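In case you want the letters, here they are:
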Amino acid sequence: MVVYRNAQNTHRPTKSSLTLVIKVGTSSICDEKTHYPLLGNLSRIVETILELKRKGHRIVLVTSAAVGTGLRRLNLNEKPGKLAAVQAIAAVGQGRLMSMYDDLFGQFNQPVAQILLTRNDLADRSQYLNAVNCLEQLLDMGVVPIVNENDTISVSEIKFGDNDTLSAITAGMVKADYLFLMTDVDCLYTDNPRSNPDARPVHVCEDIDALREEITVTTPGSALGTGGMVTKLVAADLATAAGVTTVIARGSTPESILPIIADDKSAPAHTRFVAKPKPLIDRKWWILHGLHTAGTIVIETDVGESIADGAARSGSSGASLYAHSVTKVEGNFVEHQAVRLVVQHTDNGVTDFVTVAKGIVNYSAAEIIRIMHARESDIIDSLGYKDADCIIHRDNMATSL
């Protein structure tokens, strides 16, 4: 029997303690049509978390359903299309949702804490570390943090997009051993099992990119939710890169988590995404997944290869990026924002752009355009000042290949 442990997690109360992030979707919390809470499901989730805690594990719960709960409270039949209306409904629903959790956990004298995040909260490194420290402190105090996106102030530019992504980022923040994505099916299938009887279950995945070539995942999320199986693959990709084993399992049977983490052969069907053997260190992972991408810099192919080769050898970016290696700048970003680094490939007349890294720039888009054709020593001549020798330092760069 092999129990996975994230080597980056050095914050364990006991040797057998695990840190788990459990994401529960809207379909597991609210009825899709009536919007009434599924109290039976919620009770089983709470009882499972309490049993896990009794075994010495640390648990973070990532929850959806603020909008669904708000719709029920306001006696509305469907989610409106206007952003401000959805945000207002989420504001009503979030308080009601936390009240339900507090009541259920309170029956067992288990304290809970509400954590509301947006991507913008994590874009600043100090705020990101403050959020990490707060989560760790809550876990040390025996509290169950309940995390949700702050829908009342989120707009498209700072949204995580869905709570699958939020749960993966949360798992990376606490260096979790496992991320559980609880959904309305027991595991990932090669196609939609409801419409294709030949769809096969996927039990273990070690290469998500290769898996994408073999399966069809176009199923959207529920009427109340924003996710689907596509977003779960994205979340698994993010989490495994941080050293977190990710599991897709049925939300209506949360008690299956117990045999799954024990690697019990009698565990119900599920899909396990194996964590990367060489996970990104915290700062690199934060750059890649915590920061909003404000623009794109196209770089020379050999420079892109040098960056990727350095990452493959040492786990860090191979070289800093200098102005003479830049061929094109897209977007209106400013200094200290994050940008994608891409290389251009042309095959049989078809041009494609491949992302090789993401990094924090030392200069704005306008400044880079002015100096991109100059020699390194000409930055002062081009701008009249020089804040840094390079466009992106290797320490502020994370590869995505």
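Shown above is the structure to which this text applies.
Trainee: Any chance you could explain the overall build of the chain here in plain terms?
Mentor: Along the backbone of the chain there are 13 helices and 15 strands. Computed over C-alpha atoms, the radius of gyration of the chain comes to 22 Å, within 12% of the 21 Å expected from 2.2 N^0.38 for 401 residues, which places it in the range of a compact globule. A buried classification covers 52% of the 401 residues belonging to the chain. In the chain, the proportion of contacts linking residues at least 24 apart, taken out of those at least 6 apart, comes to 74%. For the chain, the distance from the average position of its 38 positive side-chain charges to the average position of its 46 negative side-chain charges is 5 Å.

Trainee: Would you mind going over the packing of aromatic side chains with me for this structure?
Mentor: Evaluation of the coordinates by the stated rule reveals three aromatic pairs. Ring geometry for tyrosine 128 versus tryptophan 286: centroids 6.1 Å apart, planes at 45 degrees, classification tilted. In this pair, tyrosine 128 is assigned in helix α5 (residues 125-140) and tryptophan 286 in helix α10 (residues 282-289), connecting sequence segments 158 residues apart. The class of tryptophan 286 is buried, set by a relative accessible area of 3%. Considering the side-chain rings of tyrosine 178 and phenylalanine 180, the 6.0 Å spacing of their centres and the 25 degrees angle between planes classify their relative orientation as stacked. With relative accessibility at 0%, the residue tyrosine 178 sits in the buried group. One aromatic cluster is present, built from ring pairs that chain together Tyr4, Tyr178 and Phe180. Taking the ring centre of tyrosine 36 as reference, the NZ or CZ of arginine 72 above it sits at 4.3 Å. Seen from the ring of tryptophan 286, arginine 125 lies directly overhead, with NZ or CZ sitting 5.0 Å from the centre.

Trainee: Would you mind showing me how to read the side chain of threonine 246 here?
Mentor: The residue threonine 246 is located in strand β9 (residues 245-250) in this model. Polar side-chain contacts of threonine 246 include one of 3.4 Å to the backbone oxygen of valine 244. Not counting residues within four places of it along the chain, the set of residues in contact with threonine 246 comprises Leu179, Leu181, Ala236, Ala239, Thr240, Thr271, Arg272 and Phe273.

Trainee: Looking at this structure, I do not really get the pattern of salt bridges. What am I missing?
Mentor: According to the stated counting rule, one finds 15 salt bridges in the structure shown. Arginine 125 is the partner of aspartate 282 in a salt bridge, and the nearest nitrogen-oxygen pair spans 2.8 Å. With aspartate 282 in helix α10 and arginine 125 in helix α5, the pair connects residues that are 157 residues apart, well separated along the chain. Here aspartate 237 ties to lysine 276 by a salt bridge, and the two come within 4.0 Å at their closest N and O atoms.

Trainee: For this particular structure, what's the right way to read the environment of lysine 278?
Mentor: If you trace the backbone, lysine 278 turns up in the loop between β10 (271-273) and α10. Given a relative accessible area of 71%, lysine 278 falls into the exposed group. For the pair lysine 278 and glycine 243, spaced 35 residues apart in sequence, the C-alpha separation works out to 7.4 Å.

Trainee: Please clarify how the sheet that holds strand β5 (residues 178-183) should be interpreted in this entry.
Mentor: What links the strands of a sheet is backbone hydrogen bonding, and the strands pair in either a parallel or an antiparallel sense. Strand order in this open sheet of eight strands is β3-β4-β2-β1-β5-β9-β10-β8, and the pairing throughout is mixed. With partners counted over all chains shown, the strands left at the sheet margins are β3 (112-117) and β8 (204-205), one partner each. As defined by bridge partners, β8 adjoins β10 across two bridges and the pair is classed as parallel. Counterpart to valine 204 in the pairing with β10 is arginine 272. Across the sheet, helix α8 (residues 229-241) is in contact with β1 (19-24), β5, β9 and β10; its angle to β9 comes to roughly 150 degrees.

Trainee: Explain a negative patch on the surface to me, please; I cannot follow it from the model alone.
Mentor: A contiguous patch of negative charge on the surface is contributed by Glu206, Asp207, Glu213 and Glu214. The residue glutamate 213 is located in helix α7 (residues 208-214) in this model.

Trainee: Help me out: how do you make sense of the environment of arginine 283 in this one?
Mentor: Along the chain, arginine 283 falls in helix α10. Along the primary structure arginine 283 and alanine 398 are separated by 115 residues, whereas in three dimensions their C-alpha atoms are 8.7 Å apart. When residues no more than four places from it in sequence are discounted, the contact partners of arginine 283 are Arg125, Ile360, Asp395 and Asn396.

Basis of the calculations
Residues numbered from 1 in each chain as written. Predicted model: local features only at pLDDT ≥ 70, side-chain atom pairs only at ≥ 80, totals over all residues. Heavy atoms only, no water. Helix = DSSP H or I, 4+ residues; strand = E, 2+ residues; numbered from the N terminus. Rg over C-alpha atoms; globule rule 2.2 N^0.38 Å. Buried < 20%, exposed > 50% of the residue type's maximum accessible area, 1.4 Å probe, protein only. Contact = heavy atoms within 4.5 Å. Lys, Arg positive; Asp, Glu negative; His and termini not counted. Charge placed at Lys NZ, Arg CZ, Asp CG, Glu CD. Phe/Tyr/Trp six-rings, centres within 6.5 Å; stacked < 30°, edge-to-face > 60°. Lys NZ or Arg CZ within 6 Å of the ring centre and 35° of its normal. Polar contact = N/O pair within 3.5 Å; in protein donor to acceptor, adjacent residues only side chain to side chain. Salt bridge = Lys/Arg side-chain N within 4 Å of Asp/Glu carboxyl O. Pairing = 2+ DSSP bridges. Axes fitted to C-alpha atoms, helices over the stretch in contact; angles between N-to-C directions. Patch = residues over 30% accessible without salt bridge, like charges linked within 9 Å, V, L, I, M, F, W, Y side chains within 5 Å. Areas by Shrake-Rupley, 256 points an atom, 1.4 Å probe, with all protein chains shown as cover.

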